[in-house]
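# Descriptive structure summary
Next come the chains, spelled out residue by residue.
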Amino acid sequence: MVTVRYGTHTCELKEGESLLDGLLRHGVPVAHACKAGSCGSCLLRSVEGQVPPSAQAGLKDSWKARGYFLACVCHPTGDLIAEPGGSDIRIAATITALDHLTHDVVRVHLACQAPFDFRPGQYLTLFRDDGLARSYSIANLPEEREIELHVRRVPNGRMSGWLFEGARTGAQVQLQGPSGECFYVPGRQDQPILLIATGTGLAPLYGIVRDALRSGHRGPIHLFHGATRPEGLYLAKELAAMSAAHGNMSYTACVLQADAPGPFEIGQIGQVVASRFSELDGWRGFVCGDPSVVRSLKQQLFLAGMAMRDIYTDAFLPSAA
Amino acid sequence: MHSKCIFLPTANSTLFDQLGGQAAVEAAVDNFYRKVLKDDRVSHFFDAVDMDRQRAKQKAFLTMAFGGPHNYSGKDMRTGHAHLVARGLNDSHVDAIIELLGGTLRDMGVQEALIQQVAAIAESTRNDVLNR
Ligand SMILES: Cc1cc2nc3c(=O)[nH]c(=O)nc-3n(C[C@H](O)[C@H](O)[C@H](O)COP(=O)(O)OP(=O)(O)OC[C@H]3O[C@@H](n4cnc5c(N)ncnc54)[C@H](O)[C@@H]3O)c2cc1C
């Protein structure tokens, strides 16, 4: 039986239980969201004892060296003393703008009080002052002064609901990260690129597509954005203008249902993409947004010939209970 | 603890070398995984949530079938496939996998004699895979 000490709490882990689940079972408050080792909300620091390497997978080396690990994927084999992680690796930021782009998408601008380095398309963990933490993808380029996030309002969503109507400009939050492997890597500049987003999955792709263009990517770049209805599309004007300004970039909006025709395709996004591009051998792909759509599109791109190592995805996994 | 077996070929140039080693595995794995996903006989056994992890498993399998260094034991094969046997995995599926494996190697232009050797290694795992 493994015993874990965390602050003033001591608890024994059950067989197969993660450190996070053990602490939560004992009523110990620990910030968490995805429970799948991706969002970084439950980052803790080990003070004593051995942390299994799998609990540090994907963390920055400098964080690993300081004993940071993710509690949700930590299954310690021996006793461990841990403490809350974070304050030395989180940076403070101020909400500077909250723009409602559609009935359920708000664009959040954040001014960081310390430099925050990232690759466009990566995501960060946003901490509210009460400790609530959620992952959001970064939509801006590093040289732009403020961080830009696109947040979709989830019914009864604690963080998204707050950002949508509770939060005010001037509010203080904390940022941790960045994380994620879904970004443009310079090189192979003639390779065709396909980017597909549903909903706010557009956020990382909005950064990635601009990153590819400013890096001088020469191959065709095709961006598809899907929404349920036309009023769910956003940044359509900006993307159409981007396409007009760059001969190798195209933008296709896509909706499931519409009352009247418009500047969009009507249909399931996977089918719209397949009707345009069915042979993807040698292409690079980026897919972000709803997890089930990401999963099926990833398989679609792979079966159409895209190499697995050329497919970059971020599934917006909901927080786990 | 069950001891791990490592395939140690005796010929001067091993099957694995003749096929092109780890680079050949890397070149084959997407092709093989795609064939498996497109084949109605077996695709449902491979329809994983995590495609990257599923691909890694295919890579380990190909490394073994190509005669490369691996650390599968018969016991690993058994425990690794028990849940699939419970879902109906049987000889016809093993046949299909060996056929698709051959198809992948043919796509890569590998000679029939080598393909037969790969098929024989895959064949040698049949009883463990099917938990018999
Ligand atoms: C890597 C990563 C990147 C992400 N990037 C973004 C981003 O750029 N923009 C963005 O808007 N979101 C993004 N998300 C999702 C985001 O982290 C939150 O999960 C989301 O904002 C909901 O949080 P909440 O606190 O508002 O809802 P919660 O209070 O956590 O959830 C409220 C209820 O809604 C359910 N629920 C949560 N999400 C969904 C959903 N998508 N569909 C249906 N039900 C749901 C919950 O299970 C719960 O019952 C990302 C997630 C991950 C893992």
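Residues numbered from 1 in each chain as written. Chains lettered and ligands numbered in written order. Predicted model: local features only at pLDDT ≥ 70, side-chain atom pairs only at ≥ 80, totals over all residues. Heavy atoms only, no water.

### A short note on the nonpolar core
In terms of nonpolar packing, the biggest core is built from 58 residues, with L194 of chain A together with L62, F66 and L101 of chain B touching the most fellow members. It is helix α2 (residues 21-38) of chain B that contributes the most residues to this core, eight residues altogether. Sequence-distant contacts of L194 of chain A, defined by excluding residues within four places in its chain, comprise H222, F224, V273, F277, L280, W283, R284, G285, F286, L301 and M306 of chain A. A139, C182, L205 and L223 of chain A belong to the second-largest nonpolar core, a separate cluster that totals 31 residues. (Core = buried A, V, L, I, M, F, W, Y, C linked by side-chain atoms within 4.5 Å. Buried < 20%, exposed > 50% of the residue type's maximum accessible area, 1.4 Å probe, protein only. Helix = DSSP H or I, 4+ residues; strand = E, 2+ residues; numbered from the N terminus. Contact = heavy atoms within 4.5 Å.)

### Quick notes on helix α4 (residues 74-86) of chain B
Residue and element names in this part refer to chain B. The terminal C-alpha atoms of α4, which comprises 13 residues, lie 18 Å apart, in line with the 18 Å expected from a rise of 1.5 Å per residue. Maximal helix bending in α4 amounts to about 35°, located at G80. One or two residues past the end of α4 sits G88, with phi positive at roughly 105°. (Expected span 1.5 Å × (residues − 1). Bend = angle between axes of the 7 residues up to and from the residue.)

### Description of the environment of V173 of chain A
Residues and elements named next belong to chain A. Along the polypeptide, V173 turns up in strand β11 (residues 172-179). According to the relative accessible area criterion, V173 is buried, its value standing at 3%. In the structure, V173 is positioned 25 residues away from E148 in sequence and 14 Å away in space, judged by C-alpha atoms. What V173 contacts, discounting residues up to four positions off in sequence, is I91, A92, A93, I95, L110, L126, F127 and W162.

### Topic: the domain arrangement of chain A
Taken domain by domain, chain A comprises domain 1 (3-85), domain 2 (89-179) and domain 3 (193-315). Between domain 1 of chain A and domain 3 of chain A, the C-alpha centre-to-centre distance is 37 Å. (Domains from an automatic or database assignment.)

### Structural notes on the site of the ligand
Residue and element names in this part refer to chain A. Taken together, 21 residues lie near the ligand, and R134, S135, Y136, S160 and S319 sit nearest. Here S135 contributes a backbone N or O atom positioned 2.6 Å from an oxygen atom of the ligand. S319 places a polar side-chain atom, nitrogen or oxygen, 2.4 Å from an oxygen atom of the ligand. Compared with its free state, where it exposes 950 Å², the ligand has 79% of that area covered by protein. (Near = heavy atom within 4 Å. Polar contact = N/O pair within 3.5 Å; in protein donor to acceptor, adjacent residues only side chain to side chain. Areas by Shrake-Rupley, 256 points an atom, 1.4 Å probe, with all protein chains shown as cover.)

### Describing the pattern of salt bridges
Throughout the structure, instances matching the rule amount to 29 salt bridges over all chains. Between E17 of chain A and R25 of chain A there is a salt bridge, with the nearest N and O atoms lying 2.6 Å from each other. For the salt bridge of K298 of chain A with D52 of chain B, the shortest nitrogen-to-oxygen distance reads 2.6 Å. A residue pair is termed interchain when its members come from two chains, as with K298 of chain A in helix α7 (residues 291-303) and D52 of chain B in helix α3 (residues 51-65). With relative accessibility at 41%, the residue D52 of chain B sits in the partly exposed group. Overlapping salt bridges bring together D91, D95, E123, R126 and R132 of chain B as one network. (Salt bridge = Lys/Arg side-chain N within 4 Å of Asp/Glu carboxyl O.)

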